[in-house]
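Here are the chains, one letter per residue:
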Amino acid sequence: MSSLPVSPHPVSPLLFDDEDVRALDAATAVGAVRAALLAHHSGALHAPPRLKADLGDGSALVITAGRLRTGASTRGLYGFRAYDTVVGGEQLVAVWDGADGRLKALVHGSELGPRRTGAIGAVAVDVAANPGPVRLGIVGAGRQAWTQLWALGAVRPLEDVVVAARSAERTAAFARRAADELGVRVRAVGSAEDAVRERDVVIVATDSTTPVLDMGWIAPGTHISTLGPKTVAGHEVPAGLPSRADVVFTDSLAQAANYPEPHLFATERMVELGAVLAGAAPCRTAPGQITVFCSVGLAGTEVALAAALLPGPDAI
């Protein structure tokens, strides 16, 4: 028999969907993942690398999990996120109360994962980019690129934003959406080169396994975040970037080391974003340095963001 206390009046978990996630403001999302990154560094967030359950024909059900101790509680929250590579169906995030085992929330849809990634990306830019307003270049016009822009506005003033992608139609639609939903003026440009040159920050968010930018376009002092492929066999950024970068960091060393193929950026050179936030590892130490953030997805941050949807005292 379980020794955990059980409420005599069970309460059904709250159910959230994409509309609820989209209503979450960027500052709250950034705050939730920043706290989770710091908790991971201190040991208050336990987050093993993601697991894959083989479903045949090269497809899988992917599961990430984390346990987060919050505030004075020694038990906090725990939960998981599950998503598939079969058809790219709806994702599911579940959050339990660590004190009594009560299932507190279920989040289904496709928004929470990218919003979490965007919030982590904003934290990374804030610690690594040179101080002040940002001249931002975005390569890619999909959901991951969008959530990076959405979150970044919560941490830095955006002075000048340009976007480039393979599809001129999608690039123009991205710029219109930024104006309509975020009130941010974004210029659609015709090439990746135009989106990289003379930028303080460059976000690369594509699915390309060949480089979409050239080393010669990257100016001293630039911060680059790479969200897409970054293995030795296939990478969206130039193969020469690891040797030119002064600082390389990631949100999860364990996840980076768990890649099924060798990582383009040697994990031995990486530091963790949580350590940088805590002041335990250096990041940019000079204005002309090139910094690179390798986004791999720290497990448990989805649970932290889902908990931020909870009302009142239940929220993280």
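Here, every reference points to the structure presented above.
Before going into details, it helps to say that this report is about the structure given with it. (Residues numbered from 1 in each chain as written. Predicted model: local features only at pLDDT ≥ 70, side-chain atom pairs only at ≥ 80, totals over all residues. Heavy atoms only, no water.)

## Considerations on the overall build of the protein chain
Rules: Elements are defined by DSSP. Helices are runs of H or I of four residues or more, strands are runs of E of two residues or more, and each kind is numbered from the N terminus. In this setup the radius of gyration rests on C-alpha atoms only. A globule is expected at 2.2 Å times the number of residues raised to 0.38. Only protein chains enter the calculation, and the probe is 1.4 Å; a residue is then buried if its accessible area is under 20% of its type maximum, exposed if over 50%, and partly exposed in between. Whether two residues are in contact is decided by their heavy atoms, any of which lying within 4.5 Å being enough.
Regarding its fold elements, the protein chain presents 10 helices and 15 strands. The C-alpha atoms of the protein chain give 19 Å as radius of gyration, which agrees with the globular expectation for 316 residues (20 Å, within 12%). Judged by the C-alpha coordinates and their principal axes, the protein chain covers about 65 × 45 × 40 Å. Counting every position in the protein chain, which comprises 316 residues, the buried fraction comes to 51%. Once local pairs closer than 6 in sequence are excluded, the contacts in the protein chain between residues at least 24 apart make up 66%.

## So, the nonpolar core
Nonpolar side chains in soluble globular proteins generally cluster together in the buried interior. Convention followed: Definition of nonpolar core: a set of buried residues of the types Ala, Val, Leu, Ile, Met, Phe, Trp, Tyr and Cys, connected through side-chain atoms within 4.5 Å.
Grouped together as the largest cluster of nonpolar side chains are 69 residues, with contacts concentrated most on Leu 136, Ile 138, Leu 149, Phe 174 and Val 186. Once you skip the residues sitting within four places of it in the chain, Ile 138 turns out to touch Ala 145, Leu 149, Val 161, Val 162, Val 163, Ala 164, Phe 174, Ala 195 and Ile 203. Of all hydrophobic cores here, the second largest spans 26 residues; its members include Val 139, Val 162, Met 215 and Met 270.

## Details of the pairing of strand 5 (residues 77-84)
Using the following cut-off: Following DSSP output, two strands are said to pair if at least two bridges run between them.
For strand 5, the tally of buried residues reaches six of eight residues, placing the bulk of the element in the interior. One ladder, built from eight bridges, connects strand 4 (residues 59-68) with strand 5; its direction is antiparallel. Residue pairing across strands places Leu 61 opposite Asp 84, the latter belonging to strand 5. In the sheet, strand 5 pairs with strand 6 (residues 91-97) via six bridges, with the strands oriented antiparallel. Within strand 6, the residue paired with Gly 79 across the bridge is Val 95. With antiparallel pairing between neighbouring strands as the criterion, strand 5 and strand 6 make up a hairpin whose turn holds six residues, including Gly 88 at a positive phi of roughly 70°.

## Comments concerning empty space enclosed by the protein
Inclusion rule: Here a cavity means grid points, on a 1 Å grid over the protein atoms only, where a 1.4 Å probe fits yet cannot get out; a pocket means an open set of points with protein on both sides within 12 Å along at least five of seven lines; lining residues are those with an atom within 4 Å of a point. Grid points are joined across faces, edges and corners, and a volume is the space filled by probe spheres set on the points. Gly is placed with the polar residues, together with every amino acid not listed as nonpolar (Ala, Val, Leu, Ile, Met, Phe, Trp, Tyr, Cys and Pro) or charged (Asp, Glu, Lys and Arg).
Taken as a whole and assessed by the stated rule, the structure comprises one cavity of 30 Å³ or more. Roughly 60 Å³ of internal volume is contained in the largest cavity. Lining the largest cavity we find Asp 18, Val 21, Gln 91, Leu 92, Val 93, Val 107, His 108, Gly 109, Ser 110, Glu 111, Leu 112 and Gly 113. Looking at the lining of the largest cavity, the elements that each hand over two or more residues are helix 1 (18-22), strand 6, strand 7 (103-109) and helix 3 (112-128). Its residues assigned to classes, the lining of the largest cavity comprises five nonpolar, five polar and two charged.

## A word on the pattern of salt bridges
We apply this condition: Salt bridge criterion: a side-chain nitrogen from Lys or Arg within 4 Å of a carboxyl oxygen from Asp or Glu.
For the structure shown, the criterion picks out 14 salt bridges. The salt bridge involving Arg 34 is made with Asp 126; its shortest N-O contact spans 3.8 Å. Within this pair, whereas Arg 34 is found in helix 2 (residues 26-42), its partner Asp 126 is found in helix 3, the two being separated by 92 residues in sequence. In this structure, Arg 197 and Glu 193 form a salt bridge, with 2.7 Å as the shortest nitrogen-oxygen distance. Taken together, the salt bridges that share partners define one network made up of Arg 22, Glu 111, Arg 115 and Arg 143.

## Let's talk about a nonpolar patch on the surface
Heads up, the rule is: By definition, no residue in a patch forms a salt bridge, and every one has over 30% relative accessible area; like charges are joined within 9 Å, nonpolar side chains (Val, Leu, Ile, Met, Phe, Trp, Tyr) within 5 Å. The accessible surface values rely on the Shrake-Rupley method and a 1.4 Å probe; as for residues, cover is taken only from the protein chains in view.
Side chains of Leu 51, Leu 55, Leu 61, Ile 63, Val 86 and Val 87 sit close together on the surface and give an oily, nonpolar patch of about 550 Å² of accessible area. For the nonpolar patch, the secondary-structure elements that each account for two or more residues are strand 3 (51-56) and strand 4. Classification of Ile 63 as partly exposed rests on a relative accessible area of 32%.

## Some details on the packing of helix 2 against helix 3
To keep it simple, the criterion reads: Note on method: axes are straight lines fitted to C-alpha atoms, helices fitted across the in-contact stretch only, with angles between N-to-C directions ranging 0 to 180 degrees. By the definition adopted for this analysis, an angle is roughly parallel if under 35 degrees, roughly antiparallel if over 145, roughly perpendicular if from 65 to 115, and oblique otherwise.
Their axes nearest at 8 Å, the elements helix 2 and helix 3 cross at an angle of 75°. By the angle class used here, helix 2 and helix 3 are roughly perpendicular. Residues Ala 29, Val 30, Val 33, Arg 34 and Leu 37 of helix 2 lie in contact with helix 3, whose contacting residues are Arg 116, Ala 119, Ile 120, Ala 122, Val 123 and Asp 126. Its residues placed into classes, the contact of helix 2 with helix 3 shows eight nonpolar, no polar and three charged.

## Focus on helix 3
Think of an α-helix as 3.6 residues a turn; residues three or four steps apart then line up on the same face. Basically, it comes down to this: Here a helix's expected span is defined as the number of its residues, less one, multiplied by 1.5 Å.
Here helix 3 contains 17 residues, and its C-alpha end-to-end distance of 24 Å stays within 8% of the 24 Å for a straight helix at 1.5 Å per residue. For helix 3, a buried count of 15 out of 17 residues is recorded, marking the element as mostly surrounded by other parts of the structure.

## Some remarks on the environment of Thr 291
Counted only if it meets this: Here a polar contact means two N or O atoms within 3.5 Å. Within protein one must be a hydrogen donor candidate and the other an acceptor candidate, and residues neighboring in sequence count only if both atoms are side-chain atoms.
If you trace the backbone, Thr 291 turns up in strand 15 (residues 291-294). A residue is classified by how much of its surface remains accessible, and Thr 291, at 0% relative accessible area, is buried. As a C-alpha pair, Thr 291 and Ala 129 span 162 residues in sequence and 7.6 Å in three-dimensional space. Apart from residues no more than four positions distant in its own chain, Thr 291 is found in contact with Ala 128, Thr 222, His 223, Ile 224, Val 247 and Arg 284. Within the structure, the side chain of Thr 291 is placed 2.8 Å from the side chain of His 223, a separation counted as a polar contact.

Honestly, it's all geometry; don't read function into it.
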